[in-house]
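Report on the structure
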Amino acid sequence: MYVDPQALVAAAMELESAATRLRGIVSTAQPTLRVLPAGSEEVSGSAANYFNTISGSLASSTDRAIEELTAAAAALRKNAAAYELEDQLTKTSLAAAPI
């Protein structure tokens, strides 16, 4: 099996870029996701509370998605480094082997 460490690093960069874009989108949209009650009656307050609860759930989910993207990128980078190290050790071992 052949693993290209540079491909793993490139994939990690794409995941980090996606996390950065998502973070930017969420921070830009955050102020518009809060709803004020349309009136002072109970229905308006209840509707606003419902939408704000959903907004909070969205924020929580996107925060978790950003964490997962970042963690996956870190795992790819770690594995890329491990493959590069193992390849280097194998090259060194083969070069030192008597012919």
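Here's what I pulled together on the structure shown here. Bear in mind that the values here come from a model prediction, so they are computed numbers and not experimental data. (Residues numbered from 1 in each chain as written. Predicted model: local features only at pLDDT ≥ 70, side-chain atom pairs only at ≥ 80, totals over all residues. Heavy atoms only, no water.)

1. Topic: the pattern of salt bridges
Note on pairing: side chains with opposite charge can pair once their charged atoms come close. With the rule as written, the count across this model stands at three salt bridges. Across the salt bridge formed by arginine 77 and glutamate 16, the nearest N and O atoms sit 2.8 Å from each other. With arginine 77 in helix α2 (residues 42-96) and glutamate 16 in helix α1 (residues 5-29), the pair connects residues that are 61 residues apart, well separated along the chain. For arginine 77, a relative accessible area of 32% puts it in the partly exposed group. (Salt bridge = Lys/Arg side-chain N within 4 Å of Asp/Glu carboxyl O. Helix = DSSP H or I, 4+ residues; strand = E, 2+ residues; numbered from the N terminus. Buried < 20%, exposed > 50% of the residue type's maximum accessible area, 1.4 Å probe, protein only.)

2. Observations concerning the environment of alanine 11
In this structure, alanine 11 sits in helix α1. According to the relative accessible area criterion, alanine 11 is partly exposed, its value standing at 31%. Separated by 61 residues in the primary sequence, alanine 11 and alanine 72 have C-alpha atoms spaced 9.5 Å apart.

3. Thoughts on α2
Relative to the 81 Å expected for 55 residues at 1.5 Å per residue, α2 spans 81 Å between its end C-alpha atoms, a close match to the ideal helical length. Among all positions of α2, only Ser44, Ala48, Asn52, Ser55, Ala59, Thr62, Ile66, Ala73 and Ala80 are buried. (Expected span 1.5 Å × (residues − 1).)

4. Overview of the packing of α1 against α2
Interaxial distance between α1 and α2 falls to 8 Å at its minimum, and their mutual angle equals 165 degrees. Here α1 lies roughly antiparallel to α2, going by the angle between them. Here α1 runs over α2; the crossing is left-handed. (Axes fitted to C-alpha atoms, helices over the stretch in contact; angles between N-to-C directions. Parallel < 35°, antiparallel > 145°, perpendicular 65-115°, else oblique. Left-handed = near helix turned anticlockwise from the far one by under 90°.)

Purely geometric stuff here, so don't read any function into it on its own.
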